[in-house]
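# Overview (structure and organization)
Below, each chain spelled out in residue letters.
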Amino acid sequence: MTPTVSATAISGDVGSGETSAVDVVDAALQRVATLDLNAFLSVRTEAAQTEAAEVDRRVAEGESLALAGVPIAVKDNIALKDGPTTCGSRLLEPYVSPYDATVVTRLKAAGAVVVGKTNLDEFAMGSSTENSAYGPTCNPHDRDRVAGGSSGGSAAAVAAGAVPVALGSSTGGSVRQPAAFCGVVGIKPTYGRVSRYGLVAFGSSFDQIGTLATSVEDAAQLLEVVAGSDPSDATTRPEPVGELAAGIDDWEPRGARIGWPKEYFAAGLDSKIRRACETALERLAAGGAEIVEVSLPHSDYGIAAYYIVAIAEASSNLARYDGVRYGFRAPADDLQSMYFRTRAAFGAEVKRRIMLGTYVLSAGYYEAFYSKGTAVRARIRSDFDAAWEQVDALLAPTTPTPAFRIGAKIEDPLEMYLNDIYTVSANLAGVPAISIPYGAIDGLPIGVQLMGPPLSERRLFEVARFLERDVGSGSSP
């Protein structure tokens, strides 16, 4: 894997005139062209070069840009004007977006240059990127293994050094899980912290755009740029974002209360991942933090609640893909046949979730399933609220195992769903959570996860940076 210059260093060099955005973006495009992981679904060669030249012009005129010349990859369920937004599906293969998502607008305003759109599980439904209609993304650390999902393309692109930063989306763990599998930093912010305008909907009350990067500082800087209230998305939070990256090196653990949720350390967790989490807690304790055991008693119901409520929302959101309004339309002699043939282009996992979601919303089953799922979700949120009365943040594993082999779980949906066992609860509760690389098992990266109260992204970045420095100093989890 090729080491990548950090986004922070790139923006500083381009902003000072030491290098040009055109040269930086051309180098990134060359790396993307030689990348053989199936991480990108489309590459914006000409558009990226034109936008890089515009960044150089703005810099020459004295404009200060937070991400000047930084090449970035964007998950292909985030709208980018005049280019494809396929969502990894044949249904949207011919679709060209007429507008930019809010996050893309903010990236461009800050001087970042989108070099391409990345692979994902179809409509973000999956944990391995194997559900993409365009084939799986390979893990840069072992091409026989998955990159995670559904933001596997973005995570692999960053891990392989093609770009220093990328955007992904998270409905049940789709930023943190691939970040852990690929050995990069990935954060899912507080629900409403980042606008969903232009993010193709899967589960609207869960979906959240997040950032992936090779360092905590870069992940923080990128989130700082794209976060904030947006009149185009009524669910965005009104609170100011503030500085997320500056000064995070200054934080020390003394006086902090870090919780370890006992339910996350039960059977099924790889012993070496458990040991990595314990080591992280020990390092925080050595720095003066108080380590507190906490209970999230409804965690065991998280997967079940998630796969009821999220698929119900998915069945509603994906009803629009009928061949009439968006994308692919199958030829047919009558309307009903056109519906059937068009929707037959959905992949197996998407069909499964649409059918199950429709079932749990149907008459006679709504109360038995959907209502109970939302009730459990409320209990999980209450569990977290109670935890924040005791601690400032929680530390837990991101995944139960390192990356598994391509094909190992694709035929067993339940086993695949259990990959999200440690990530779905943060999405159910709407709280921020970050995964950072913290060691390896047989050469495969593993991640440690930090979760915090709503709007506590700054604190999570501080704790994550402390642990990142600890690993960088040569300490081995």
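Everything below is about the structure shown above.
Figured I'd write up the structure that's included with this text. Numbers given for residues are sequential positions, taken from 1 along each chain in its written order. In keeping with the model being predicted, local features are shown solely for residues with a pLDDT of at least 70 and side-chain atom pairs are shown and tallied solely at 80 or more, while totals for entire chains, interfaces and linings include all residues. With hydrogens and water set aside, each side-chain value is computed from the structure's full complement of heavy atoms.

### So, the overall build of the protein
Across its full length, the protein carries 15 helices and 13 strands. Atoms considered for the radius of gyration are the C-alpha atoms alone. The globule rule reads 2.2 Å times the number of residues to the power 0.38. For 477 residues, the compact-globule formula gives about 23 Å, and the C-alpha radius of gyration of the protein, at 21 Å, lands near that figure. Three exposure classes are used, based on accessible area relative to the maximum for each residue type with a 1.4 Å probe and protein chains only: buried under 20%, partly exposed in between, and exposed over 50%. Relative to its 477 residues, the protein shows a buried fraction of 58%. Residue contacts are counted whenever heavy atoms from the two residues lie within 4.5 Å of one another. Counting only contacts in the protein whose residues sit at least 6 apart along the sequence, the fraction spanning at least 24 positions is 76%. One finds the centroid of the 42 positive side-chain charges in the protein at a distance of 4 Å from the centroid of its 57 negative side-chain charges. A run of DSSP states H or I qualifies as a helix once it reaches four residues; a run of E qualifies as a strand once it reaches two. Both are numbered from the N-terminal end. Under the counting rule used here, the positive set is Lys and Arg, the negative set is Asp and Glu, and His together with the chain ends is not counted. Taken as the charge centre is NZ of Lys, CZ of Arg, CG of Asp or CD of Glu, depending on the residue.

### Observations regarding the pairing of strand β10 (residues 290-294)
Sheet topology places strand β9 (residues 257-261) next to β10; five bridges connect them, and they run parallel. Considered in β10, the bridge of Ile258 is made with Ile291. The handedness of the β9 to β10 crossover, carried by helix α8 (residues 271-286), is right-handed. Only strands that DSSP links by at least two bridges are regarded as paired with each other. For a crossover, the right-handed case is the one in which the path from the first strand over the helix to the second runs clockwise, viewed with the strands pointing away from the viewer.

### A few points about unusual backbone geometry
Here the bond from Gly149 into Ser150 is cis, since omega is 5°, no more than 30 degrees from zero. In this fold, Ser150 is placed in the loop between β5 (142-146) and α5 (152-159). With a phi angle near 70°, Leu455 is a residue other than glycine that sits in the positive phi range. Summarising the element assignment, Leu455 is placed in the loop between β13 (444-451) and α15 (457-472).

### Notes on the packing of helix α9 (residues 302-317) against helix α11 (residues 348-361)
Across the interface, α9 lies against α11 with an axial gap of 7 Å and an inter-helix angle of 100°. Viewed along their axes, α9 and α11 adopt a mutual orientation that is roughly perpendicular. Within the contact between the two elements, α9 uses Tyr307, Ile308, Ile311, Ala312 and Ser315 and α11 uses Arg353, Ile354, Leu356, Gly357, Thr358, Val360 and Leu361. Of the residues in the contact of α9 with α11, the class split is eight nonpolar, three polar and one charged. Orientation is described by axes fitted as lines to C-alpha atoms, over the contacting stretch for helices, and by angles from 0 to 180 degrees between their N-to-C directions. Working definition: roughly parallel below 35 degrees, roughly antiparallel above 145 degrees, roughly perpendicular at 65 to 115 degrees, and oblique for all remaining angles. Lys, Arg, Asp and Glu make up the charged group, whereas Ala, Val, Leu, Ile, Met, Phe, Trp, Tyr, Cys and Pro make up the nonpolar group; the residues left over, Gly among them, are polar.

### Re helix α12 (residues 366-388)
Here a helix's expected span is defined as the number of its residues, less one, multiplied by 1.5 Å. Counted at 1.5 Å a residue, the expected span for α12 with its 23 residues is 33 Å, and the 32 Å between its end C-alpha atoms agrees. Along α12, the positions that sit buried rather than exposed are Tyr370, Ser371, Gly373, Arg377, Ile380, Asp383, Phe384, Ala387 and Trp388.

### Concerning the nonpolar core
The tendency in soluble globular proteins is for nonpolar side chains to be buried side by side. By nonpolar core we mean a set of buried residues, namely Ala, Val, Leu, Ile, Met, Phe, Trp, Tyr and Cys, connected to one another through side-chain atoms within 4.5 Å. In this structure, Phe123, Phe384, Leu395 and Phe461 are the most contacted members of the largest nonpolar core, which totals 144 residues. It is α9 that provides the largest number of residues to this core, a total of nine residues. Membership of the second largest hydrophobic core comes to five residues, among which are Phe181, Ala403, Phe404 and Met416.

### As for the pairing of β5
Both strand β4 (residues 138-139) and β5 contribute to a ladder of two bridges, which runs antiparallel. Bridge pairing in β5 places Asn139 opposite Asp142. Linking β4 to β5, which pair antiparallel, is a turn of two residues.

### What to know about the side chain of Asp322
Structurally, Asp322 is set in the loop between α9 and α10 (335-343). Each polar contact in these results corresponds to two N or O atoms within 3.5 Å; when the atoms are within protein, one needs to be able to donate a hydrogen and the other to accept it, and residues that are neighboring in sequence are counted only if both atoms are side-chain atoms. Among the polar contacts listed, one links the side chain of Asp322 to the side chain of Arg325, at a separation of 2.7 Å. With near-sequence residues (within four places) excluded, Asp322 lies in contact with Met338, Tyr339, Thr342 and Arg343.

### Re the state of the cysteines
Two cysteine sulfur atoms form a disulfide, by the criterion used here, when they sit within 2.5 Å. Per the stated rule, a full pass over the model turns up zero disulfides. The thiol of Cys277 is unpaired, and the distance to the nearest cysteine sulfur, on Cys182, comes to 18 Å.

### Some points on the packing of aromatic side chains
In summary, the pairing rule links any two rings of Phe, Tyr or Trp, Trp by its six-membered ring, whose centres are within 6.5 Å, and it sorts them by plane angle into stacked for under 30 degrees, edge-to-face for over 60 and tilted for everything else. Taken as a whole and judged by the stated rule, the model has 15 aromatic pairs. Seen from their ring centres, Trp260 and Phe265 are 5.6 Å apart, and the 80° between their planes marks the pair as edge-to-face. With a centroid separation of 4.1 Å and 15° between ring planes, the pair formed by Tyr307 and Tyr417 is classed as stacked. With a gap of 110 residues between them, Tyr307 in helix α9 and Tyr417 in helix α13 (residues 413-417) connect regions that are remote in the sequence. Judged by relative accessible area, which is 10%, Tyr307 ranks as buried.

### Remarks on helix α4 (residues 102-109)
For the α-helix, the turn length of 3.6 residues means that residues three or four positions removed from each other point alike. Every buried residue of α4 is accounted for by Thr102, Val103, Val104 and Leu107. Along its buried surface, α4 packs onto β2 (71-75), β6 (165-170), β8 (208-213) and α7 (216-226). Looking one or two residues past α4, Gly111 carries a phi angle of roughly 95°, positive in sign.

### Some points on the packing of α11 against α12
At a minimum axis separation of 7 Å, α11 and α12 run at an interaxial angle of 105°. Taken together, the axes of α11 and α12 are roughly perpendicular relative to one another. For the pair formed by α11 and α12, the contact residues are Tyr359, Val360 and Leu361 on the first element and Tyr366, Phe369 and Tyr370 on the second. Split into classes, the residues belonging to the contact of α11 with α12 amount to six nonpolar, no polar and no charged.

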